[in-house]
Every structure is written in structure tokens, then in C-alpha cells.
Amino acid sequence: MFDAIQAAPPDAILGLTETFKSDSNPNKVNLTVGVYKDESGATPVLDSVKAAEARLLADETSKGYLPIGGLGEYCDLTQRLYFGDDHEVTTANRAATFQTPGGTGALRVAADFIHQNFPSASIWCSTPTWPNHPKVFKAAGVNVENYPYFDASSHGVNIDGMLAAIKNAPAGDVVCLHACCHNPTGADPSVEQWKQVADAVYERGLLPFLDFAYLGFGDGIESDRSALMEFARPGAELLVASSYSKNFGLYSERVGALSVVTKDADSAKTVASQVKATIRTNYSNPPAHGGSIVQVILSDAELRQQWDGELAAMRERINGMRKLFTQTMASRLPDRDFSFIERQRGMFSYSGLTAEQVDALREKFSIYIVRDGRINVAGINHGNVEPLCDAISSVLAAG
Ligand code: LMR
């Protein structure tokens, strides 16, 4: 039977890491997958995480299964981190939160839930979006539609196009939005624009679905929450897929959450029972270790403070690299404006490089970038910024 199977194409993002690993050039640079790197190019384990793991090793008494929805305290702490300690969503108990295997697990559970409960609903994705979004949603059987998002001329958000598409989407559809640090463009709506988007979504009778993978990587926890705060209106329904891969550096532990915000506490209980049924047939219950680490850190004042500092250091290094890259490109190509890289936020920016230019960077200079031109700014450091900008200038000059 397997003789009839055709090879699948490599993944647009993770596939490049495999090619990068086999490249023997000692000066190779990997700006592909969204993983934080420090000045030395390493993806370190946070000190707060190490401390939490030491406690877990000493205190853990069982490897028994977690409940279907995961660790209860982890879910409560996640709600408080994302919505804020005293937000009405949490105090009214109208959100149900589930620990999931990464943010991708949360996206898949939500997509399964949507398909099972609203079979005719489509999910609307930004153009462009994370390439795995449409794949996960379609794998769950949900139809995917697209709304305009990026304006290449301003390197910002095409807010008029986005609002027009939302206002025309059929009531009952779902709109997937990047809560901050848009992947792949790095361009986010302003606070005022988020208000317009939320007005349009709710007036049209759509269900907002916020993908929140980069809390703390934009301008800080408080300001990175502003889109979520705009959607968490009294009585309003929404879905939030969140991830601790980036902000806790827990990529390999697969630790995320799905929060379903309903109109009241009774509705939250009913919806939770359906989400649990969905989880049970998907992966049964989540792995414990990553969630336990987050739970230890967020429930301990000292570790929480240490983590806040480590998150701020990651954010500040990335924003510093945005500035350095912009300055270095200006010194190489003074007639070309790269200041948008400094204005954008999160791990990624859309460089504007074409697929051919990306291929040339890889073939001639062993510089790896996703073919749509997305660069992982966190992969830039003082050691590689000059050769990187020289190489980019060279391929741009070649046309
Ligand atoms: C990325 O966009 O690079 C990350 O979210 C990692 C992934 O799974 O694609």
C-alpha cells in the first residue's frame, strides 16, 4: 500500500532548518524559524525555567495522567496573565481555558471544535498569515477564506481592505487575528485600529479567534494585550490560542492554551464539556512538564519577577537588532528605506526580498530566510549583521 504514496513537499519553515543543518559553510546564518536567539546565536533555557525545573524534580510525586483540560492552576494563571488579574472575563468565570500541546495544539482543538459545532463556518485568515494556519484549519475540515492585511508600500496594515472584508464576511464565520507581533509581517494595527476591527467583527456577528503566540515580545505584557482587551468586551464571545514557546522559551515542551470566552459562566461550562470531548479524541490529555514549569513560575512572586526580566531582555535585544539592522542597511544602501524594520514588532519582519533574492542569499551566502521574505530578527547579532547587510545589498543590487 505504501508504494502508492507520493513524497510530501518540505514544510515552508521547518523544512529550511533541515537544509540549514546540512550546510557546511561556517558563516551560515539561520533567520528562518521563529526561535529566539541570544547574541551568541544560542537559544538558551531561561534561568527562571531552570529554577522551576529544579523544584519540580525535587517535589514531583507522580507521573499520572493530567485531566483532559490540563493543570487547573496553570489554566487559571494563564487566564490571569493574558486578561489581567481582575478582568471581568476571569472574575465572572465566563472563560474556559485548556492546557494544550503548544499554540498549534490550541489552534487545532479550536478548529475541531468549530468544525463539529459550526460546520458551515469558514475561518478568515490574513493575507499573508503563518503558513500553518490554513493547513491546520483545513486539516480539521474547516473552509479557509482570506482578508487583505499587509500593505507592501507602507510596510504596514491595510486597515481599509481588512475592514471591508470583515464587513462583508458571512455572519457566523470566524476571523483569525494575530493578537500582536504579526507573523510573518511584523506589522500590527494601532490601538485605535484594533477598536475599529473589533467593532466590525462584532457588528457583523463574527467570532474572533485571536492567535496570541508572542505576548511580551512587542512592547511589553501590558501593551501587547491591547488587542485582546478590545475584544474582551462585556458579554462578548471569543477564542484565544496562546503559546508559551516564545515568551518562556519552552519550544520543545509544547505548552500552550486555548481559552474560550463565552457570554456567562453557565455557557462556559457547557462549551467546556464539548471542548473536552474534542481534546479526548485528539491527544487525550496534555503533557505535564511544560505546563508545570509555567505554573511554578507564574505562582511564585520571585520567579515571576525573574521571568519578567528575562522576557524584557529578549524583547529589548530584538528591538535593538531592529535598530542596528536598519542603521547598517542605511549605511549600505542610503537610497533604500529600511526604517520599517525598526517600526515593526515581534520576531519577524517582511523584508520585501523576492523568492529569487532569498534563493540567491542561501545559495551564494548561506543566509537562510523563509521564501516569502520573512526574516527572524532574533537571529541577527553584532557578529552577523555586517555580512548579512552586505549580502542583502549584493542581491538587491543584482536585481
Ligand atoms: C514560526 O513561524 O517560525 C514559528 O511559529 C515556528 C513554527 O512552528 O512555524
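What you are looking at is a predicted structure, and each value in this text was computed from that prediction instead of being measured. (Residues numbered from 1 in each chain as written. Predicted model: local features only at pLDDT ≥ 70, side-chain atom pairs only at ≥ 80, totals over all residues. Heavy atoms only, no water.)

Ordered in space as E2-E10-E9-E8-E7-E3-E4, the seven strands form an open sheet in which the pairing is mixed. The open sheet terminates on both sides in strands that have one partner only, identified here as strand E2 (95–100) and strand E4 (143–148). Across this sheet, the average inter-strand angle for adjacent strands is 20 degrees, counted without regard to direction. For strand E7 (residues 174–178) and strand E8 (residues 207–212), the ladder comprises five bridges, and the chain directions are parallel. Across the sheet, Leu177 pairs through a bridge with Leu210, a residue of E8. Strand contacts of helix H5 (residues 102–117): E2, strand E3 (122–127), E7, E8, strand E9 (238–243) and strand E10 (256–261), with the helix running at about 155 degrees to E9, the strand carrying the most contacts. (Pairing = 2+ DSSP bridges. Helix = DSSP H or I, 4+ residues; strand = E, 2+ residues; numbered from the N terminus. Axes fitted to C-alpha atoms, helices over the stretch in contact; angles between N-to-C directions. Contact = heavy atoms within 4.5 Å.)

Right, let's get into unusual backbone geometry. Geometrically, the link from Thr127 to Pro128 is a cis peptide bond, its omega value of 0 degrees lying close to zero. Of note, Pro128 is situated in the loop between E3 and helix H6 (132–139). Unusually for a residue other than glycine, Asn93 sits at a positive phi of about 55 degrees. With a relative accessible area of 52%, Asn93 lands in the exposed category. Its identity is not glycine, yet Ser284 carries a phi of approximately 75 degrees, on the positive side. Tracing the sequence through the fold places Ser284 in the loop between helix H11 (265–280) and helix H12 (289–298). (Buried < 20%, exposed > 50% of the residue type's maximum accessible area, 1.4 Å probe, protein only.)

With that settled, the discussion passes to helix H15 (residues 355–365). Listed in full, the buried residues belonging to H15 are Gln357, Val358, Asp359, Ala360 and Leu361. Where H15 is buried, its residues touch strand E12 (367–368) and helix H16 (385–397). The positive-phi residue at the C-terminal boundary of H15 is Ser366, with phi of around 55 degrees.

By themselves these figures say nothing about function.
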